[in-house]
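Notes for the structure review
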Amino acid sequence: MNDTFMKTKPVFPLLVSMALPNVISMLVNSLYNIVDSLFVAQINEQAMTALSLVFPIQNFVNAVAIGFGVGINALVALYRGAGDHDKADAAATHGMALSVLHGLLCTLLATAIMPGFLARFTADSTIVSMGVTYSAIVFFFAIVNMASLAFEKIFQAVGRMKLTMLALISGCVCNILLDPILIFGLGPVPALGIAGAALATGIGQTVTLVLYLVVYCTTASPVRLRRKALRPDASLEGRLYAIGVPAILNLALPSLLVTFLNDLLAAFSESYVVVLGIYYKLQTFVFMPASGLTQGAMPIMGFSYGAGNGKRLQHILSISLRVCFVIMAVGCVLFMAAPEWLLGLFDASEEMLAIGVPSLRIISVSFLPATIGFILPTMFQSMGQGGYSLAVFLLRQLVITLPAAAILSGPFGLTGIWASFILAESIAAGVALLFYNKLRKADPVLC
């Protein structure tokens, strides 16, 4: 995608062309997560519990990969909008190098903490053993996952959305096809159980990375990884982290939230922990398309801001808010109307249905104010205003939710815990709007 296309194409068709491949790929990714869980659930309930307990740390590792990639995406798009292609190359190069380093650190740290982490939530040695087995294999591929997602964000920043869609779908399809083969065994392939699910995930991620490497090495790209661009640049790296850290926290804080909520829920029943794990799997069908929309909007926003075109930036913002609201409203209606069917996908017991049906209906109300919590921080990131994004993300996932869940669980039990989601999203949305109004008055591009 060339600069003229980014500057002159009507906003809505441009947003659709940039966002739709992301939305499709995110939906496929959500499907693969669900299918992965469905196969694991067929092993036994202990395996599903182990998967639910590993999820927070696995989600954190993915959050580091995706969130830091957002920083790469935003800076590459911003520098291209400003016409500084050397800086765009430098942002991509430093971003890739740091992503690989993050992958190595995540492999070492996540593998080391898992036995103690799992033992905190269950006394069942079988669940702990299954969780350790699954996590050791999944985190072995962390470097592959980090590099793959760095390439994804670089290609997205230059408008190659169809490529990233095809690469992600290829990895997901590979994972789905390998799941039953590796978990239950087929022909000469032995049944590996939960280890097979982890191995299928890692192989799928490897397929995606290989496709990116083949395309990068065989085609021309407006942004290239250059060895000479690796010289130390504290200012550039600082900007990558200033944008990437809020995005990481936006994706990683749910892991902390889930860990905290698991502590609260375990006091009621282990089934409550499983219901929460299932909710987060189902939630991806709503939040991942919204994330795909923001990933499509971000390079357009960053390019427009870098070019000093505030009117186009605000037009993109308006359209993005409306589209995101439709996604969230559809998700809310689905969770309200068919919670039994959604939980039934995971062979939910009568106890789990009794707990899960009202839970899904209450939490789904939080989807509506979350629209603002998705889109406005995306604009803040595209403008390099990582601090504002960080503040909104902290309110959504930590500052409000954790104490509210702890306080409300006393008098209202589970209902109070689920209501804390609605409270946090609503307050965060209000604060995001205050930040936006402040920027409109202070930033000359938006004035």
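This write-up is about the structure you can find in this document. As the structure is a prediction and not an experimental result, all values here were calculated from the model.

Things to note about empty space enclosed by the protein
- Within this structure, the stated rule accounts for two cavities of 30 Å³ or more.
- Each pocket or cavity is described by its volume, and for the second largest cavity that value is around 40 Å³.
- Lining the second largest cavity, in full, are Phe-151, Ile-154, Phe-155, Tyr-216, Ser-221, Val-223, Arg-224 and Leu-225.
- Taken together, the residues of the lining of the second largest cavity sort by class into six nonpolar, one polar and one charged.

Focus: the nonpolar core
- By size, the foremost hydrophobic cluster in this structure holds 142 residues, and its most contacted members are Leu-261, Leu-265, Tyr-279, Met-328, Met-379 and Phe-380.
- If you tally residues by element for this core, the top one is helix H3 (residues 45-81), at 20 residues.
- In contact with Tyr-279, not counting residues within four places along its chain, are Phe-335, Leu-360, Ile-363, Phe-367 and Phe-421.

Overview of the state of the cysteines
- In total, this model carries zero disulfides according to the counting rule given.
- Cysteine Cys-106 shares no disulfide, and the gap to the nearest cysteine sulfur, in Cys-172, comes to 20 Å.
- In this structure Cys-106 comes out as buried when scored by relative accessible area, which is 11%.
- The thiol sulfur of Cys-172 is not disulfide-bonded, and the nearest other cysteine sulfur, from Cys-174, lies at 9.8 Å.
- Given the relative accessible area of 3%, Cys-172 is considered buried.

Quick word on the pattern of salt bridges
- Counted under the stated rule, the structure contains six salt bridges.
- Measuring nitrogen to oxygen at the nearest pair gives 3.4 Å for the salt bridge that ties Asp-233 to Lys-87. Remark: Lys-87 occurs in helix H4 (residues 85-119) and Asp-233 occurs in the loop between helix H8 (194-218) and helix H9 (234-266); sequence separation between them is 146 residues.
- By relative accessible area, which is 21% here, Asp-233 ends up partly exposed.
- The class of Lys-87 is partly exposed, set by a relative accessible area of 27%.
- With a closest N to O distance of 3.0 Å, Asp-263 and Arg-120 form a salt bridge.

Concerning a nonpolar patch on the surface
- A grouping of Val-100, Leu-101, Leu-104, Leu-105, Leu-108, Leu-109 and Ile-143 is seen on the molecular surface, where their side chains present a nonpolar patch of about 600 Å² in accessible area.
- Top element by residues in the nonpolar patch is H4. It accounts for six residues.
- One can find Leu-105 in helix H4.
- The class of Leu-105 is partly exposed, set by a relative accessible area of 41%.

Remarks on the side chain of Ser-148
- Take Ser-148: it is sitting in helix H6 (residues 142-157).
- The exposure class assigned to Ser-148 is buried, which follows from its relative accessible area of 7%.
- Those residues in contact with Ser-148 that lie beyond four places of it in its chain are Gln-205, Thr-208, Leu-209 and Tyr-212.

Concerning helix H16 (residues 401-412)
- All buried positions along H16 are accounted for by Thr-401, Leu-402, Ala-404, Ala-405 and Ser-409. Buried residues along H16 cover an arc of 155° about the axis, so they all sit on one side. Of the exposed residues in H16, those oriented more than 90 degrees away from the buried face are Ile-407, Gly-410 and Pro-411.
- Looking one or two residues beyond H16, the residue adopting positive phi is Gly-413, at roughly 60°.

What about the layout of surface pockets?
- Considering only enclosed or pocket space, the largest pocket measures out at about 300 Å³ in volume.
- If you go around the largest pocket, you meet 20 residues; those closest to its centre are Ile-57, Phe-60, Val-61, Val-64 and Cys-106.
- In terms of residue count, H9 provides more of the lining of the largest pocket than any other element does, eight residues in total.
- Considered class by class, the residues forming the lining of the largest pocket number 17 nonpolar, three polar and no charged.
- There is about 220 Å³ of room inside the second largest pocket.
- Forming the boundary of the second largest pocket are Asp-86, Lys-87, Asp-89, Ala-90, His-94, Arg-226, Lys-228, Ala-229, Arg-231, Pro-232, Asp-233 and Leu-236.
- When residues of the lining of the second largest pocket are assigned to their parent elements, the largest contribution, five residues, is made by H4.
- Tallied by class, residues from the lining of the second largest pocket come to four nonpolar, one polar and seven charged.

Cut-off values and rules
Residues numbered from 1 in each chain as written. Predicted model: local features only at pLDDT ≥ 70, side-chain atom pairs only at ≥ 80, totals over all residues. Heavy atoms only, no water. 1 Å grid on protein atoms, 1.4 Å probe; cavity = no way out; pocket = protein on both sides within 12 Å on 5 of 7 lines; lining within 4 Å. Points joined across faces, edges and corners; volume = space filled by probe spheres on them. Nonpolar A, V, L, I, M, F, W, Y, C, P; charged D, E, K, R; others polar. Core = buried A, V, L, I, M, F, W, Y, C linked by side-chain atoms within 4.5 Å. Buried < 20%, exposed > 50% of the residue type's maximum accessible area, 1.4 Å probe, protein only. Helix = DSSP H or I, 4+ residues; strand = E, 2+ residues; numbered from the N terminus. Contact = heavy atoms within 4.5 Å. Disulfide = S-S within 2.5 Å. Salt bridge = Lys/Arg side-chain N within 4 Å of Asp/Glu carboxyl O. Patch = residues over 30% accessible without salt bridge, like charges linked within 9 Å, V, L, I, M, F, W, Y side chains within 5 Å. Areas by Shrake-Rupley, 256 points an atom, 1.4 Å probe, with all protein chains shown as cover. Arc of directions from axis to C-beta.

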